[in-house]
Amino acid sequence: MALRGNLRDITFTQILNLINLAKKTGTLIVEGPGQTAQVSFREGKLVFAQIEKEDSNLAIVLNKAKKLSANQYRTIMQHGSTISDKELGLMLINAGYVSKADILLSIQQHCVEIGQRMFTWMEGFFRFENDMLPPDNRINVRLDLENLIIEGSRQLREWEQLQDEIPSLDMALKFTDRPGADLKKISLSVEEWRVVSYINPKNSMHQIAHATKMSDLEIRRIIYGLLQAGLVEIIRPIDQAAAVKVRSFPTENKEEQKSLVNRLINRIRSL
Amino acid sequence: MQTVKMVITGPFSAGKTEFIQSVSEIDVVTTERKISSHSERAVKEATTVAMDFGRITVDDDLVLYLFGTPGQKRFDFMWEILSEGMLGFIVMVDSTRPETYREARTILETFRAYAPTPYVVAANKQDKDDAWDIEDVRHALRLDPKVKLLPCVATDRDSVKKVLLELLFSILTEMENGKRK
């Protein structure tokens, strides 16, 4: 029952969606660009996240969330670095420095930020270890995945929308015939001007991307903007998929068709 | 002699040839060519270029032909030709290769656009240790809950029979619902 693969084939958003829908318990380990993340779930809720090699103990998390003053943080790091997050949390609550809600919110925010970073990872091996839980000494939260998925979906939607709008980079571009429109007076970014300078019915979008050293996503984003502004149009191929004849039975009679299917069923059963 | 046709499609090396071979009464007619691409060679030794073709004689009056589409994208011009006049189709997915799921979705959508015939999806290689769970495959393929997703081991005749029967049941259901023209 292996849930494993590569982010270039299944996005992090899709994995979160799967974990949410299937209410999985376990830990997702993802090897991203130069770093590895561990994100733990309990019944589809996010309970813990960390990037390996990045220290993210409670003191660091609270300091980042500005729940500790610089002095408090320094003192804790000097004297309290060996105690667990749970013990530290209790001490800080008892001392009145933070509340339980502060701690939970800060950890939640930390987990969300890790998730947001992981949305930018387009490549990397992942595996889901069923029933593997976070380290005992760390404080767990309980975060619904929906909002995180929505944000990831927004990024994915942009990519998919761009792919829908511009499915093939093998097509070429030409300037639209707009009487009175003077391209020189239109305000474009540097990247957009670079693309515009290559627009020619002989150049495919692939070739323009290659010449301007842009990725598929970047070139699509720019061309989409130019399309929306009505400056260019895509020169499409002429061939279209013809409708396939629907007639699939050798007879038009409905009863004969049903009989035929039943004969097929009986024959397959007898194999 | 009446003939009817089903199409078995899916990404490269999903198990289409093995599926047809498991039930065909004739050796599957396959045009083998040396793989031209190094990456495809890494996946399997031989591949079909034109199409797979299998046959099941139902009775004196009726024959079922099984057509397998070529898996590589560069042969997708064959899909439309092969899908003409089909009773229904099966989309095969390799459960151990999630990198092929996106392509499987594209193939599914292409065939649905070609003809509004019933179809099922077969998650093949379910006997392998690294096969994804069926429900995980469903979520990854973003299949509607109404779409039948069936576990399959293409080299196992009983497993292949189950998939074919489920497609036939779907065809019958659609006919009884009066959707067929």
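Heads up: these notes are all about the structure in this document.

Cut-offs and rules
- Residues numbered from 1 in each chain as written.
- Chains lettered and ligands numbered in written order.
- Predicted model: local features only at pLDDT ≥ 70, side-chain atom pairs only at ≥ 80, totals over all residues.
- Helix = DSSP H or I, 4+ residues; strand = E, 2+ residues; numbered from the N terminus.
- Buried ≥ 20, exposed ≤ 12 C-beta atoms within 10 Å, placed from the backbone.
- Contact = placed C-beta atoms within 7 Å.
- Core = buried A, V, L, I, M, F, W, Y, C linked by C-beta atoms within 7 Å.
- Pairing = 2+ DSSP bridges.
- Axes fitted to C-alpha atoms, helices over the stretch in contact; angles between N-to-C directions.
- Arc of directions from axis to C-beta.
- Parallel < 35°, antiparallel > 145°, perpendicular 65-115°, else oblique.
- Left-handed = near helix turned anticlockwise from the far one by under 90°.
- Nonpolar A, V, L, I, M, F, W, Y, C, P; charged D, E, K, R; others polar.

1. What about the overall build of chain A?
Here's step 1: Scanning chain A for helices and strands turns up 10 helices and 7 strands.
Here's step 2: Looking at chain A residue by residue over its 271 residues, the buried ones come to 26%.
Here's step 3: Counting contacts in chain A only where the partners sit at least 6 residues apart, residues at least 24 apart contribute 75% of the total.

2. Focus on the nonpolar core
Here's step 1: Within the largest apolar cluster, 88 residues are counted, with the highest numbers of intra-cluster contacts made by B:Met6, B:Ile90, B:Val91, B:Val93 and B:Ala122.
Here's step 2: Non-local contacts of B:Val93, meaning those with residues more than four positions away in its chain, are made with B:Gly10, B:Ala14, B:Thr100, B:Tyr101, B:Ala104, B:Val121, B:Ala122, B:Ala123, B:Asn124, B:Val137 and B:Leu141.
Here's step 3: The next biggest cluster of nonpolar side chains, apart from the first, holds 11 residues, and it includes A:Ala172, A:Leu173, A:Ile208 and A:Leu226.

3. Some thoughts on the environment of A:Ile114
All names here are of chain A.
Here's step 1: Within the secondary structure, Ile-114 sits in helix 5 (residues 100-119).
Here's step 2: A tally of 19 C-beta atoms within 10 Å means that Ile-114 is categorised as partly exposed.
Here's step 3: Ile-114 sits 65 residues away from Ala-49 along the chain, and the two C-alpha atoms are 6.9 Å apart.
Here's step 4: Apart from residues lying up to four places away in sequence, Ile-114 is in contact with Ala-37, Ala-49 and Ile-51.

4. Let's talk about the sheet that holds strand 5 (residues 125-130) of chain A
All names here are of chain A.
Here's step 1: Strands sit in the order 1-5-2-3-4 across an open sheet of 5 strands; the sheet is antiparallel. A strand with exactly one partner marks an edge of an open sheet, and here the two such strands are strand 1 (4-6) and strand 4 (45-51). With direction set aside, neighbouring strand axes in the sheet form an average angle of 15 degrees.
Here's step 2: Here strand 2 (residues 26-32) runs beside strand 5; their pairing, made up of 5 bridges, is antiparallel. Paired with Thr-27 across the strands is Glu-129, a residue of strand 5.
Here's step 3: Packing of helix 5 onto the sheet brings it into contact with strand 2, strand 3 (35-42) and strand 4, and relative to strand 4 it is tilted by some 70 degrees.

5. Here we look at helix 4 (residues 85-94) of chain A
Note: α-helices contain 3.6 residues per turn, so residues at a spacing of three or four share the same orientation.
All names here are of chain A.
Here's step 1: Within helix 4, burial applies to Leu-88, Gly-89 and Leu-92. Seen end-on, helix 4 carries its buried residues on one side only, within an arc spanning 100 degrees.
Here's step 2: Of the surrounding secondary structure, the elements contacted by the buried residues of helix 4 are helix 2 (58-64), helix 3 (70-79) and helix 5.
Here's step 3: Count one or two residues on from helix 4 and you reach Gly-96, which has phi positive near 80 degrees.

6. What about the packing of helix 10 (residues 254-270) of chain A against helix 6 (residues 157-176) of chain B?
Here's step 1: Their axes nearest at 10 Å, the elements helix 10 of chain A and helix 6 of chain B cross at an angle of 165 degrees. When the axis of helix 10 of chain A is compared with that of helix 6 of chain B, the two are roughly antiparallel. When the axes of helix 10 of chain A and helix 6 of chain B are compared, the crossing they make is left-handed. Contacts from A:Lys254, A:Gln257, A:Lys258, A:Val261, A:Leu264, A:Ile265, A:Ile268 and A:Arg269 in helix 10 of chain A reach B:Lys161, B:Leu164, B:Leu165, B:Leu168, B:Ile171, B:Leu172 and B:Met175 in helix 6 of chain B.
Here's step 2: For the contact of helix 10 of chain A with helix 6 of chain B, the per-class residue count stands at 10 nonpolar, 1 polar and 4 charged.

Fair warning: the whole summary comes from geometry, so function is off the table for now.
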